[in-house]
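Secondary and tertiary structure notes
Here is what each chain is made of, one letter per residue.
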Amino acid sequence: VFLRGGTYAVKETLALGEEDSGAPGSPILYAAWKDEKPILSAGFVVRDFKPADSPRLPSAARGKALVADVRAQGYGHFEPLPSYGFTVGENTGKQPMTDLYHGAKRLEPARWPNEGWRKILGGNPTNGTVRVALDDWDVWTHEPGLMITAYPSALWADLTCPVTDFDRERGEITMAAGRRLTRIKEGHPWFFSNALCALDAPGEWYLDRAAGLLYVMPDGREGPFVLSDF
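Keep in mind that what you see is a predicted model, and the values were worked out from it rather than measured.

**With respect to the overall build of the chain**
If you tally the helices and strands in the chain, you get 1 helix and 24 strands. If you line up the chain on its principal axes, its C-alpha atoms span 70 × 45 × 30 Å. Across the 230 residues that make up the chain, the buried fraction comes to 40%. Across the chain, every contact between residues at least 6 apart in sequence was considered, and the portion connecting residues at least 24 apart equals 71%. As displayed, the chain has an accessible area near 13000 Å², and 53% of this comes from carbon and sulfur atoms. The distance from the centre of the 25 positive side-chain charges to the centre of the 30 negative ones in the chain is 3 Å.

Take a look at the structure:
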């Protein structure tokens, strides 16, 4: 069975059963036709980008970031991100994670800082609060769906979960899965992600789930932007 070159949209898992294997001494071979390149893709190709002008964009993205109305294009996966990682394993597999690819490369969701980590200054595991230092508290309070990735207890136990509240006076943020923590270690690493105000580096992206808009910072490479589609 030869597949000709091109991209084939796959809407569900490709399943090959016993009946697809042939018979003893006469197996079925599935292969690309000659030197052509067939691609089986479950992705959603994003079209019609235009310059982005959201007031939440950082200055570094002005005149560079692009936006596309993916809801109007038929994309339909805008569920809020769940907690995942250490202590929340029961969520794994219940909701697929959304990824964006460009030229077959998985892109990084907009994060802060772009490189490295910040350090936990303290916290309270009983109410899920973590004490942190932020350069500008105001911009983060306007970010729906903001996520924090941290190693709050042990350096082998990473946890990513929504940020649900800010207390600027106390210098604390509240983590959605914080009630599950047994201890919070001062000096352990963390970073924010999934924030439009952090979209400031080539290759980063952000999906505004309420508005159905996809924001990207182009990295100069060719090829379509493709969202994972389930």
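Once the structure has been displayed, the description carries forward.
**Details of a nonpolar patch on the surface**
Where nonpolar side chains cluster on the molecular surface, the patch consists of Val1, Leu3, Tyr8, Leu14, Leu16, Ile28, Tyr30 and Leu40 and spans about 740 Å² of accessible area. Note on placement: Tyr30 falls in the loop between β4 (26–27) and β5 (31–32).

**Comments concerning the packing of aromatic side chains**
Applying the stated criterion across every chain, the model contains 13 aromatic pairs. On the basis of an interplanar angle of 85 degrees and a centroid distance of 5.7 Å, the ring pair of Tyr75 and Phe78 is categorised as edge-to-face. We classify Phe78 as buried; its relative accessible area is 15%. Here the aromatic rings of Trp117 and Tyr151 are separated by 5.6 Å at their centres, their planes lie at 65 degrees, and the arrangement is edge-to-face. Here Trp117 is found in the loop between β14 (111–112) and β15 (118–119), whereas its partner Tyr151 is found in the loop between β18 (147–150) and β19 (159–167), with 34 residues between them in sequence. For Trp117, a relative accessible area of 39% gives the class partly exposed. Each member of the aromatic cluster is reached from another via a ring pair, and the members are Trp112, Trp140, Trp190 and Phe192. Above the plane of the ring of Phe78 lies Arg71, whose end atom (NZ or CZ) is 4.4 Å from the centre. Taking NZ or CZ as reference, Arg111 lies 3.8 Å from the ring centre of Phe191, over its face.

**Focus on the state of the cysteines**
Between two cysteines, a covalent bond joining their sulfur atoms is known as a disulfide. Under the defined criterion, the tally for this structure stands at 0 disulfides. No disulfide involves Cys161; its sulfur sits 17 Å from that of Cys197, the nearest cysteine.

**Regarding the pattern of salt bridges**
Within this structure, the stated rule accounts for 8 salt bridges. The shortest N-O distance in the salt bridge between Asp99 and Arg106 comes to 3.0 Å. Taking relative accessible area as the criterion, Asp99 reaches 16% and is therefore assigned buried. By relative accessible area, which is 44% here, Arg106 ends up partly exposed. Between Asp219 and Arg221 there is a salt bridge whose closest N-O contact spans 2.9 Å. Salt bridges here are not isolated pairs; linked through shared partners, they connect Arg56, Glu143 and Asp208.

What counts and what doesn't
- Along every chain, residues carry numbers that run from 1 in the direction the sequence is written.
- Confidence filtering applies because this is a predicted model: local features only for residues at pLDDT of at least 70, side-chain atom pairs given and counted only at 80 or more, and all residues used for totals across whole chains, interfaces and linings.
- Side-chain measures here rest on the full set of heavy atoms in the structure, leaving out hydrogens and waters.
- Elements are defined by DSSP. Helices are runs of H or I of four residues or more, strands are runs of E of two residues or more, and each kind is numbered from the N terminus.
- Three labels apply to residues, based on accessible area from a 1.4 Å probe with only protein chains included: buried if under 20% of the type maximum, exposed if over 50%, partly exposed otherwise in between.
- Residue contacts are defined here by distance: any two heavy atoms, one from each residue, within 4.5 Å place the two residues in contact.
- Here the accessible surface of atoms and residues is derived via Shrake-Rupley with a 1.4 Å probe, and residues count as covered only by protein chains that are part of the display.
- In this charge count, Lys and Arg are treated as positive and Asp and Glu as negative; neither His nor the chain ends contribute.
- Think of each charge as sitting on NZ of Lys, CZ of Arg, CG of Asp or CD of Glu.
- Distance thresholds for patches are 9 Å for like charges and 5 Å for nonpolar side chains (Val, Leu, Ile, Met, Phe, Trp, Tyr), applied to residues having over 30% relative accessible area and no salt bridge.
- Salt-bridge detection follows one rule: a side-chain nitrogen of Lys or Arg within 4 Å of a carboxyl oxygen of Asp or Glu.
- Note on ring pairs: Phe, Tyr and Trp rings are taken, using the six-membered ring of Trp, and paired if centres are within 6.5 Å. Classes follow the plane angle, with under 30 degrees stacked, over 60 edge-to-face and the rest tilted.
- Note on geometry: a ring has a charge over it if NZ (lysine) or CZ (arginine) is within 6 Å of the ring centre and within 35 degrees of the ring normal.
- In what follows, a disulfide is any cysteine sulfur pair within 2.5 Å.

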